[in-house]
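Residue strings, one per chain:
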Amino acid sequence: MDRASYIQQEISKAVRSFTGLLLLIGGFVILSLSLLDYITVPDKFQQFLVYRLITFLLFIVLYFIYKRYNNYPTVFIVLATFLVSGMVELMILSLGGHRSPYYAGMIIVFMFLFGLLPITMKISLLLASIIYGVYLIPIMIFDTITDTRIFLNNNIFLLATFSSGLIWRHINYKIHIEKLSLEYDLSQEKKQLEIYSSQLEELVQERTKELSIS
């Protein structure tokens with residue numbers, strides 16, 4: 001196996017592992033944050049709890065499906081991103097739309113995904129676009145922008161966070177590639193040393209036989 005194949009294999013293995021973890025832990029995190037709803041918007045607590053329970057159950061279903069079909073992690077990552085972003089968007093629309101402070105939930109989704117998954121820049125851009133699109137498009141369609149200043153502020157903050165996260169993910173991914181490349185080189189050197197050791201042992205045995213005969 002060459003270096004490129006080894007790196008791709010290890011990255012795929014890590015993504016498959018972390019995707020299962022994301023679905024399982026993510027579901028429970030979504031549910032546990034209902035405490036925040038109870039503290040900040042008690043009048044919306046029951047409504048938001050229903051959103052969270054439905055999303056939690058869907059995450060658990062996805063988790064068990066993924067355990068069987070784990071060769072397609074990107075599909076499950078995209079589905080999970082749509083689900084949790086959609087849940088947060090329903091909360092945003094129910095709580096002031098473009099003026100809602102719950103836009104910060106999109107940042108939590110973004111950071112949770114990018115903090116756990118060793119994904120490529122291409123997939124990172126896709127996920128960031130999904131999260132931002134799920135936030136922006138329904139507001140533009142179903143909401144009336146009355147407070148332009150707050151709406152622009154929210155968008156600028158989201159875009160700044162996403163841009164910073166994408167840069168961090170790119171740097172982190174490169175570091176990960178370099179680490180895997182080093183691991184590959186070390187494993188190849190170890191194999192070469194084992195071959196040399198085996199050849200040397202055979203040579204010593206042959207010389208010992210020759211000396212014995214002599």
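It should be noted that the structure appears before, not after, this text.
Definitions and cut-offs
- Residues numbered from 1 in each chain as written.
- Predicted model: local features only at pLDDT ≥ 70, side-chain atom pairs only at ≥ 80, totals over all residues.
- Heavy atoms only, no water.
- 1 Å grid on protein atoms, 1.4 Å probe; cavity = no way out; pocket = protein on both sides within 12 Å on 5 of 7 lines; lining within 4 Å.
- Points joined across faces, edges and corners; volume = space filled by probe spheres on them.
- Helix = DSSP H or I, 4+ residues; strand = E, 2+ residues; numbered from the N terminus.
- Nonpolar A, V, L, I, M, F, W, Y, C, P; charged D, E, K, R; others polar.
- Axes fitted to C-alpha atoms, helices over the stretch in contact; angles between N-to-C directions.
- Parallel < 35°, antiparallel > 145°, perpendicular 65-115°, else oblique.
- Left-handed = near helix turned anticlockwise from the far one by under 90°.
- Contact = heavy atoms within 4.5 Å.
- Core = buried A, V, L, I, M, F, W, Y, C linked by side-chain atoms within 4.5 Å.
- Buried < 20%, exposed > 50% of the residue type's maximum accessible area, 1.4 Å probe, protein only.
- Phe/Tyr/Trp six-rings, centres within 6.5 Å; stacked < 30°, edge-to-face > 60°.

Peer 1: I'd love a proper account of the layout of surface pockets, names of residues and values included.
Peer 2: Taken as a whole, the largest pocket spans an internal volume of roughly 370 Å³. Residue assignment for the lining of the largest pocket shows that the elements contributing at least two residues are α1 (3-32), α2 (34-40), α3 (45-68), α4 (73-94) and α5 (104-116). In terms of residue class, the lining of the largest pocket is built from 18 nonpolar, four polar and one charged. Considering only enclosed or pocket space, the second largest pocket measures out at about 170 Å³ in volume. Q8, I11, S12, V15 and I123 are the residues nearest the centre of the second largest pocket, which is lined by 13 residues in total. At the level of secondary structure, the elements contributing two or more residues to the lining of the second largest pocket comprise α1 and α4. Top element by residues in the lining of the second largest pocket is α1. It accounts for five residues. Here the residues of the lining of the second largest pocket are counted per class, giving eight nonpolar, four polar and one charged.

Peer 1: Which residues make up the packing of α1 against α4, and what values go with them?
Peer 2: Relative orientation of the contacting elements α1 and α4 amounts to 20 degrees, with a least axis distance of 10 Å. Between α1 and α4, the angle is such that the two are roughly parallel. The two elements α1 and α4 meet at a crossing, and its hand is left-handed. Contact with α1, carried on its side by V15, R16, T19, L23 and I30, involves P73, F76, I77, A80, V84 and M87 of α4 and no other residues of that element. The class makeup of the residues in the contact of α1 with α4 is nine nonpolar, one polar and one charged.

Peer 1: Can you explain the nonpolar core? Please cite residues and give values.
Peer 2: For soluble globular proteins, nonpolar side chains are generally found buried alongside one another. By size, the foremost hydrophobic cluster in this structure holds 49 residues, and its most contacted members are L23, I92, M106, L113, Y135 and L158. The set of elements that each furnish at least two residues to this core consists of α1, α3, α4, α5, α6 (121-142) and α7 (148-213). Per-element accounting of this core gives the leading share, nine residues, to α4. In contact with L113, not counting residues within four places along its chain, are L22, T81, L127 and I131.

Peer 1: So what's going on with the packing of aromatic side chains? Residues and values would help.
Peer 2: Given two aromatic rings, one states the distance between the centres and the angle between the planes to describe the pair. For the coordinates displayed, the defined rule picks out nine aromatic pairs. Here the aromatic rings of F28 and F56 are separated by 5.1 Å at their centres, their planes lie at 70 degrees, and the arrangement is edge-to-face. Of this pair, F28 sits in helix α1 while F56 sits in helix α3, and the two are 28 residues apart along the sequence. Judged by relative accessible area, F28 falls into the partly exposed class, the value being 47%. Taken together, a centroid distance of 6.4 Å and an interplanar angle of 90 degrees make the contact between Y103 and F157 edge-to-face. Taken together, the residues span a long stretch of sequence, with Y103 in the loop between α4 and α5 and F157 in helix α7 at a distance of 54 residues. Through pairs of rings, three or more aromatic residues link up here, namely F48, Y51 and Y102.

Peer 1: Can you tell me about the environment of L21, naming the residues and giving the values?
Peer 2: For L21, the location among the structural elements is in helix α1. The exposure class of L21 is partly exposed, given its relative accessible area of 35%.

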